[in-house]
Amino acid sequence: MTFRKIYACIKARLPLSLQFLLEMLSYWRRLCRFNASIHTDKDIRKMQYTLLRENHVIEKGMSMRNTRHGFGQAKVTSLIARLRRYHLLYGSADAAFLNYPLSTIKEYIAYQQHDGVPIPEIEASFSRLCSEVGISPDSLSMPAGIESMNASDLRKQAKADYSSLLYSRHSIRYFKETPPSRDLLDRALTLAARTPSACNRQAWHTHIFFGEEVHDLLRMQGGCNGFCDDIHCCIVVTADMKGFLSHEPFQCYIDGGLYAQNLINALHYLGLGSIPLSCGFMNEQLRDMQQRFDIPENEVMIVIIGTGVMEEVMKIAVSNRRPIATTNIYHQDPA
């Protein structure tokens, strides 16, 4: 009998509480090996994921309703330094990856020039990096930065067909002060209820907040500095741990995530803007948020969705998507 089989036999005879402990230890081991905060620059994927995150911070800053004059210079300087390191480490493995963040920096420079903010050091660093990489700044044409959108166009596209619904959905960071009606929210919740779930258990829940409670919640969440006060309604999506059995300890996150995405699409289809805000925090922060806003301990917080009535003209982050060739593997050719 192999070690793996012996281990499985021993584990099967342990009480469930000890089996859960082994699961947590196994997950701890994987976190220590694969979390992007550990040995970040020694792994091309970890470095790419973190660079995409840093790049999005720049795009997000440009998409605010009222951007701070000259914002983001320290972050852009840091991003350029990290991109230079990426080029030295992995440029020969995936040089094309640099096109998107370089395009974002190009748009950032143009944004600051339009605002009358002199940033000669950033311009010089950007030019040097482009020269090192072998890319002419004039040749950078990948969609990046921000673009202006009309709410009426987005609502029309959302109703056209499924492809148009997906391509026209964007994260919206500011809304009219008038909150969405309960009727519209109920219709979105009803549509999202069509989400598939493990054995049809439908263990998702939603908690909807308005007004000052929204701002308090988002300040605790901490990921929307600069536009927190422009959101006047939010939906907290949770999944009930009581809905799942011993062999599926992580299923609540899967079912809750599926439901949250369908709810976001339903809100868009009904003409409301939305932005998903992460709940992927350490336990202490989540516990404090749940206690403060009366969310039961047995419910896992999946995501906070800021939603509301869109302004007619908005700035949105382009958030360019990676080619599917970089994210998909066909393990065999289709017949």
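Calculation criteria
Residues numbered from 1 in each chain as written. Predicted model: local features only at pLDDT ≥ 70, side-chain atom pairs only at ≥ 80, totals over all residues. Heavy atoms only, no water. 1 Å grid on protein atoms, 1.4 Å probe; cavity = no way out; pocket = protein on both sides within 12 Å on 5 of 7 lines; lining within 4 Å. Points joined across faces, edges and corners; volume = space filled by probe spheres on them. Helix = DSSP H or I, 4+ residues; strand = E, 2+ residues; numbered from the N terminus. Nonpolar A, V, L, I, M, F, W, Y, C, P; charged D, E, K, R; others polar. Buried < 20%, exposed > 50% of the residue type's maximum accessible area, 1.4 Å probe, protein only. Arc of directions from axis to C-beta. Contact = heavy atoms within 4.5 Å. Axes fitted to C-alpha atoms, helices over the stretch in contact; angles between N-to-C directions. Parallel < 35°, antiparallel > 145°, perpendicular 65-115°, else oblique. Left-handed = near helix turned anticlockwise from the far one by under 90°. Disulfide = S-S within 2.5 Å. Phe/Tyr/Trp six-rings, centres within 6.5 Å; stacked < 30°, edge-to-face > 60°.

Visitor: In this structure, what is going on with the layout of surface pockets? I would like to understand it.
Guide: Where empty space is left becomes clear once a probe the size of a water molecule has been rolled over the atoms. Approximately 410 Å³ is the volume attributed to the second largest pocket. Together, 18 residues line the second largest pocket, and Asp 94, Phe 97, Arg 322, Pro 323 and Thr 326 are the ones closest to its centre. The element that contributes the greatest number of residues to the lining of the second largest pocket is helix H3 (residues 44-62), accounting for 5 residues. Here the lining of the second largest pocket is composed, by residue class, of 9 nonpolar, 5 polar and 4 charged.

Visitor: Mind showing me how you'd approach helix H7 (residues 151-160) here?
Guide: For an α-helix, 3.6 residues make a turn, and residues three or four places apart therefore share a direction. Listing the buried residues of H7 in full gives Ala 151, Leu 154 and Ala 158. Each buried residue of H7 sits inside an arc of 60 degrees when the element is viewed along its axis, so together they form one side. Turned more than 90 degrees off the buried face of H7, the exposed positions are Lys 156 and Ala 160. Where H7 is buried, its residues touch strand E1 (146-150), helix H8 (162-168), helix H11 (251-269) and strand E6 (313-317).

Visitor: Is there a simple way to think about the packing of helix H4 (residues 73-90) against helix H5 (residues 99-114) in this case?
Guide: Running from N to C, H4 and H5 point in directions that differ by 150 degrees, and their axes come no closer than 11 Å. Here H4 lies roughly antiparallel to H5, going by the angle between them. Seen from above, H4 lies across H5 with left-handed handedness. Packed against H4, whose contacting residues are Gln 73, Val 76, Leu 79, Ile 80 and Leu 83, the element H5 presents Pro 101, Leu 102, Ile 105 and Tyr 108 at the interface. Considered class by class, the residues forming the contact of H4 with H5 number 8 nonpolar, 1 polar and no charged.

Visitor: Is there a simple way to think about the state of the cysteines in this case?
Guide: Two cysteines form a disulfide when their sulfur atoms are joined by a covalent bond. Going through the model one piece at a time under the given rule, you end up with 0 disulfides. Between Cys 199, a cysteine without a disulfide, and Cys 252, which holds the nearest cysteine sulfur, the sulfur-to-sulfur distance is 15 Å. This cysteine, Cys 233, is not joined by any disulfide, and Cys 234 carries the nearest cysteine sulfur, 6.5 Å off. In this structure Cys 233 comes out as buried when scored by relative accessible area, which is 0%.

Visitor: Sorry, what's going on with the packing of aromatic side chains here?
Guide: Where two aromatic rings form a pair, the distance of their centres and the angle of their planes describe that pair. Tallying each qualifying case throughout the model produces 7 aromatic pairs. Taken together, a centroid distance of 5.8 Å and an interplanar angle of 50 degrees make the contact between Tyr 86 and Tyr 90 tilted. Remark: Tyr 90 and Tyr 86 occur in helix H4; sequence separation between them is 4 residues, near one turn of the helix. With a centroid separation of 5.1 Å and an interplanar angle of 45 degrees, the aromatic rings of Tyr 86 and Phe 97 are classed as tilted. Here Tyr 86, found in helix H4, pairs with Phe 97, found in the loop between H4 and H5; they are 11 residues apart in sequence, far enough to count as distant.

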